[in-house]
Amino acid sequence: MNKQDEIQEVTEIYGIDIEEKGISRMSLWHNIGSVRGKCGHKHHTISGLMKCWIEDQRDCEKMGGYSDRFPRKIKWDEEE
Ligand SMILES: [Zn+2]
């Protein structure tokens, strides 16, 4: 599976709304999990968000675990 297909599949599974040029420009996203915590970024493109998320999953898999991080929209009033 290539990167594009992988991103497509992930976004379909999780119902992430993609516009032609990425996630809505007004939205910032990050990957967050109760165990792994926040990824520490503010993603404004679907490709950046998915790349970060997939890489985190892979890093955890390499160590025999898994990541509980999940793509989520950052709330406007949310702290860093
Ligand atoms: Zn990130």
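Let me begin by describing the structure that accompanies this report.

Looking now at helix 2 (residues 46-62). Helix length check: helix 2 (17 residues) gives 24 Å between terminal C-alpha atoms against 24 Å at 1.5 Å per residue, within 8%. Taken together, the buried positions of helix 2 are I46, L49, M50 and W53. Looking straight down helix 2, one finds that the buried residues subtend no more than 95 degrees of arc, so they occupy a single side. Opposite its buried face, helix 2 presents the exposed residues R58, D59 and K62, each directed more than 90 degrees away. Looking one or two places after helix 2, you find G64, whose phi comes out positive at around 85 degrees.

Each strand in a sheet pairs with another by means of backbone hydrogen bonds, the pair being arranged parallel or else antiparallel. Read from one edge to the other, the open sheet built from three strands follows the order 2-1-3, with strand pairing classed as antiparallel. Of all strands in the sheet, those with a lone pairing partner are strand 2 (37-38) and strand 3 (70-73), marking the two edges. Here four bridges tie strand 1 (residues 29-33) to strand 3, and the two strands are oriented antiparallel to one another. Looking at strand 3, one finds that H30 is bridged to R72. The sheet strands contacting helix 2 are strand 1 and strand 3, and the helix crosses strand 1 at an angle near 20 degrees.

Cut-offs applied
Residues numbered from 1 in each chain as written. Predicted model: local features only at pLDDT ≥ 70, side-chain atom pairs only at ≥ 80, totals over all residues. Helix = DSSP H or I, 4+ residues; strand = E, 2+ residues; numbered from the N terminus. Expected span 1.5 Å × (residues − 1). Buried ≥ 20, exposed ≤ 12 C-beta atoms within 10 Å, placed from the backbone. Arc of directions from axis to C-beta. Pairing = 2+ DSSP bridges. Contact = placed C-beta atoms within 7 Å. Axes fitted to C-alpha atoms, helices over the stretch in contact; angles between N-to-C directions.

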